[in-house]
Amino acid sequence: LPTPVYYPAAAVLKNEIYIVGGGVTYTSFTADTQIYNPATNTWSTGVPLPTPIVAAASAVVKNILYIIGGSSDAVNASNAVWAYNPKTKTWSGKAPMPTARFGAVAVVVAKSIIYVIDGYNNGFLTTVESYNPATDTWTEEAPELVAKTQFQAGLIGTTIVAVDGINGNNNAMPDNEGYNTGTNTWTSLTADPTARTGVCGG
């Protein structure tokens, strides 16, 4: 990585890995976009985000990269939504997320709807909101059962699985929950054998 960063937004866009923003030091944050091409094993510099950001959620729908929420100072949460079009190489602002937060995780369902889960804003959240890029609108969904941030989530079939993270007691946790996208309900799943936070997943 040309510029080392922590808590950047990361996503795969048109067969390349985009690393957007992140912390450079504990008091310095970047808006840079770093792009990795696996085919050539090379890094390039992309168009920077309009504002520095750390701990934002990210998702790709129909070859558009969305950067959602985060913080510009690691203290105040943002509700901003930015969309990057690789054809025009431009960022544009979209409808703000109803709940400002950082440390949330985004999951794309049916290749069209982005679900943003939990995060932090003056407290740990169970908030779940979905975004429809086609209409640029947000919808409030059923909250997760346990509040957390720094967790990982992914889609298995039609179920969003959200595992691990950190809770209001600042303790790593093994919590594992499944969200049924058809019924808008959360269910407790088998916990991770090892409690952890700041997890990665794929």
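Since the structure is predicted, the reported quantities are computational estimates derived from the model, not experimental observations. (Residues numbered from 1 in each chain as written. Predicted model: local features only at pLDDT ≥ 70, side-chain atom pairs only at ≥ 80, totals over all residues. Heavy atoms only, no water.)

Chemist: I would appreciate a short explanation of the overall build of the chain in the present structure.
Modeler: Helix and strand counts for the chain stand at zero helices and 16 strands. Relative to its length of 202 residues, the chain is compact, with a C-alpha radius of gyration of 16 Å against a globular reference of 17 Å. Among the 202 residues that make up the chain, the fraction classed as buried is 45%. Long-range pairs, those at least 24 residues apart, make up 41% of the contacts in the chain between residues at least 6 apart in sequence. Counting only carbon and sulfur atoms, one obtains 53% of the accessible surface of the chain, whose full area is about 9800 Å². Measuring between centres, the 9 positive side-chain charges of the chain sit 14 Å from its 13 negative side-chain charges. (Helix = DSSP H or I, 4+ residues; strand = E, 2+ residues; numbered from the N terminus. Rg over C-alpha atoms; globule rule 2.2 N^0.38 Å. Buried < 20%, exposed > 50% of the residue type's maximum accessible area, 1.4 Å probe, protein only. Contact = heavy atoms within 4.5 Å. Areas by Shrake-Rupley, 256 points an atom, 1.4 Å probe, with all protein chains shown as cover. Lys, Arg positive; Asp, Glu negative; His and termini not counted. Charge placed at Lys NZ, Arg CZ, Asp CG, Glu CD.)

Chemist: Sorry if this is basic, but what is going on with the layout of surface pockets here?
Modeler: Any empty space left between atoms is shown by rolling a water-sized probe over those atoms. A volume near 1300 Å³ is recorded for the largest pocket. In terms of lining residues, the largest pocket is bounded by 45 residues, among which A104, V105, F151, Q152 and V199 are the most central. Every element with two or more residues in the lining of the largest pocket is listed here: β1 (9-13), β5 (57-61), β9 (105-109), β13 (152-156) and β14 (159-163). Of all the elements, β13 adds the most residues to the lining of the largest pocket, at five residues. (1 Å grid on protein atoms, 1.4 Å probe; cavity = no way out; pocket = protein on both sides within 12 Å on 5 of 7 lines; lining within 4 Å. Points joined across faces, edges and corners; volume = space filled by probe spheres on them.)

Chemist: Please clarify how the sheet that holds strand β12 (residues 137-140) should be interpreted in this entry.
Modeler: Within a sheet, adjacent strands bond to each other through the backbone by hydrogen bonds, running parallel or antiparallel. Across the sheet, four strands lie side by side as β9-β10-β11-β12; this open sheet has antiparallel pairing. Because the sheet does not close on itself, it has two edges, and the strands there are β9 and β12. Across the sheet, the mean angle separating the axes of adjacent strands is 25° when strand polarity is ignored. Bridge count between strand β10 (residues 113-117) and strand β11 (residues 128-132): four bridges; the pairing is antiparallel. Counted as the bridge partner of I114 is Y131 from β11. (Pairing = 2+ DSSP bridges. Axes fitted to C-alpha atoms, helices over the stretch in contact; angles between N-to-C directions.)

Chemist: In this structure, what is going on with the pattern of salt bridges? I would like to understand it.
Modeler: Opposite charge on two side chains allows them to pair when their charged atoms are near. Tallying each qualifying case throughout the model produces five salt bridges. The network of salt bridges with common partners includes E144, K148 and D175. (Salt bridge = Lys/Arg side-chain N within 4 Å of Asp/Glu carboxyl O.)

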